[in-house]
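Given next are the chains, with one letter for each unit.
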Amino acid sequence: MTIFWRNTLTLAGAATLSLGIAYAQAPDLSDPPAIEGEAVGDHGSHTLRMGLGLSDTSPQYLSSRYFADILEQRTEGRITVNIFPNSQLGDDVQMMEMLQTGSLDMSYPSSSPATTYVQELAVFDLPFLLPSREAAIAVMQSDTAQRMLDAFEGTGIKALTFSENGYRQLTNSARAVESPEDVAGLDVRGLSVRTMENPVHLSIWETLGANPTPMAFGELFSAMEQGVVDGQENPWSTILTSNFYEVQDYGSETRHVYTPFIMMISERTWDRLAPEYQELVQEAARQSAEYEIQLATEYDDWSREQLEERGMQVTRLNDEQIAAFQEAVQPVYDRWAPRIGEDLIAEIQSIVESNQ
């Protein structure tokens, strides 16, 4: 029996999904691929709770719905995934801790806070390591990346697959940023920039002369609204779907870090699943990750344009300006390469060079 997904999620034209922001015109996103494959055997029923940091308009959420639909249809309703977006269940750090204890079944954090469990993941936090999306995808699909996923074994977390969070861009409410000197301020104070709770990210912004402030994502909007921090850095799609344009006047297309997402499941939940269910969950994770990367790609430029339409002044840095940032953050490599692993960095740089 071949099963096909009934497409009820349309974002082109009239949306059937309740969107969290008032889109003047929704992006022309690709529909989810049809779900194909035989229904698996009956190995009992499971209801899985999945926590997400981002909103229900994000590529992360839309692809997670596709993941849930694959499982539901290929188990004929015996596996149900209930998704909780918008950090309802906690931030990335808290949700990973919940995976360890088995109080949450699944989560989808960025790789940056996951370095607590697998230190090698910090390689993705190095600035300007992945110069193109094609190179980034090649790295995420490599044997090198699979070894990082496998390294979660024994932590209480099973890492299923990488997908795209995307290139991180800087926004703030103080001034336009075109150079490292604009971050440091020179004749005015340096920008206070919210970062993830990640030491390499802290090092990047300290090196640029900013005042980095680690903070949970769920607290960020109110912190910017109240002036606790000047700005933040995230992909354009996250900036848009989180309504950050309401409290951020300036954006700079720095593309300073490419951050993956990691779809995770609690080892306790995984161990309760029959082997055939485990195989299906892994397959569905990979299929939905491919769809998420496609959505994130389609969202990126459109999101930047939407932010400009909503009043954000976006500076698109040229090659010379990007080179100035690359030179300014070289001390981050000097400090962190020995800790992360120079061989690992060289391995990834080799993959990048092969896909340029």
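Everything discussed here concerns the structure shown above.
Computed from a prediction, not measured in an experiment: that's the story for all the values here.

Account for the overall build of the protein, with residues named and values stated.
Helix and strand content of the protein: 13 helices and eleven strands. In terms of overall size, the protein behaves like a compact globule, its C-alpha atoms giving a radius of gyration of 20 Å where 356 residues would be expected to give roughly 21 Å. Dimensions of the protein, computed from C-alpha atoms along their principal axes, come out at roughly 70 × 50 × 40 Å. Burial status across the protein gives 59% buried among its 356 residues.

Hey, could you go over empty space enclosed by the protein for me, with residue numbers and the actual values?
A complete count under the given rule lists six cavities of 30 Å³ or more for this structure. Taken as a whole, the largest cavity spans an internal volume of roughly 230 Å³. The wall of the largest cavity is formed by 21 residues, among which Asp-92, Ser-110, Arg-194, Met-196 and Phe-217 lie closest to the centre.

Before we move on, could you go through the pairing of strand β1 (residues 46-51) and cite the residues and values that matter?
Sheet topology places β1 next to strand β2 (residues 79-84); six bridges connect them, and they run parallel. Of the residues in β2, the one forming a bridge with Met-50 is Ile-83. In this fold, the crossover linking β1 to β2 by way of helix α1 (residues 59-74) has right-handed handedness. In the sheet, β1 pairs with strand β3 (residues 106-107) via two bridges, with the strands oriented parallel. Within β3, the position partnered with Met-50 by the bridge is Met-106.

How would you summarise the packing of aromatic side chains if you had to cite specific residues and measurements?
Enumeration over the complete set of coordinates arrives at eight aromatic pairs. Ring pairing ties together the aromatic residues Phe-217, Phe-221 and Phe-244, which thus form one cluster. Lying across the ring of Trp-270, Lys-158 places its NZ or CZ 4.9 Å from the centre. For Arg-339, the ring lying beneath its charged end belongs to Trp-336, and the centroid distance is 4.5 Å.

Hey, could you go over the pattern of salt bridges for me, with residue numbers and the actual values?
With the rule as written, the count across this model stands at 13 salt bridges. Glu-164 serves as the salt-bridge partner of Arg-133, at 2.9 Å between the closest nitrogen and oxygen. On the criterion of sequence distance, the pair formed by Arg-133 in helix α3 (residues 133-140) and Glu-164 in strand β4 (residues 157-167) is long-range, its members being 31 residues apart. Across the pair Asp-301 and Arg-304 runs a salt bridge, and its minimum N-O distance is 3.6 Å. In this pair, Asp-301 and Arg-304 are both assigned in helix α10 (residues 275-309), three residues apart and thus about one turn of the helix distant. Several salt bridges share partner residues, and in doing so they unite Asp-42, Glu-76 and Arg-78 into one network.

How each quantity is defined
Residues numbered from 1 in each chain as written. Predicted model: local features only at pLDDT ≥ 70, side-chain atom pairs only at ≥ 80, totals over all residues. Heavy atoms only, no water. Helix = DSSP H or I, 4+ residues; strand = E, 2+ residues; numbered from the N terminus. Rg over C-alpha atoms; globule rule 2.2 N^0.38 Å. Buried < 20%, exposed > 50% of the residue type's maximum accessible area, 1.4 Å probe, protein only. 1 Å grid on protein atoms, 1.4 Å probe; cavity = no way out; pocket = protein on both sides within 12 Å on 5 of 7 lines; lining within 4 Å. Points joined across faces, edges and corners; volume = space filled by probe spheres on them. Pairing = 2+ DSSP bridges. Right-handed = clockwise from strand over helix to strand, strands pointing away. Phe/Tyr/Trp six-rings, centres within 6.5 Å; stacked < 30°, edge-to-face > 60°. Lys NZ or Arg CZ within 6 Å of the ring centre and 35° of its normal. Salt bridge = Lys/Arg side-chain N within 4 Å of Asp/Glu carboxyl O.

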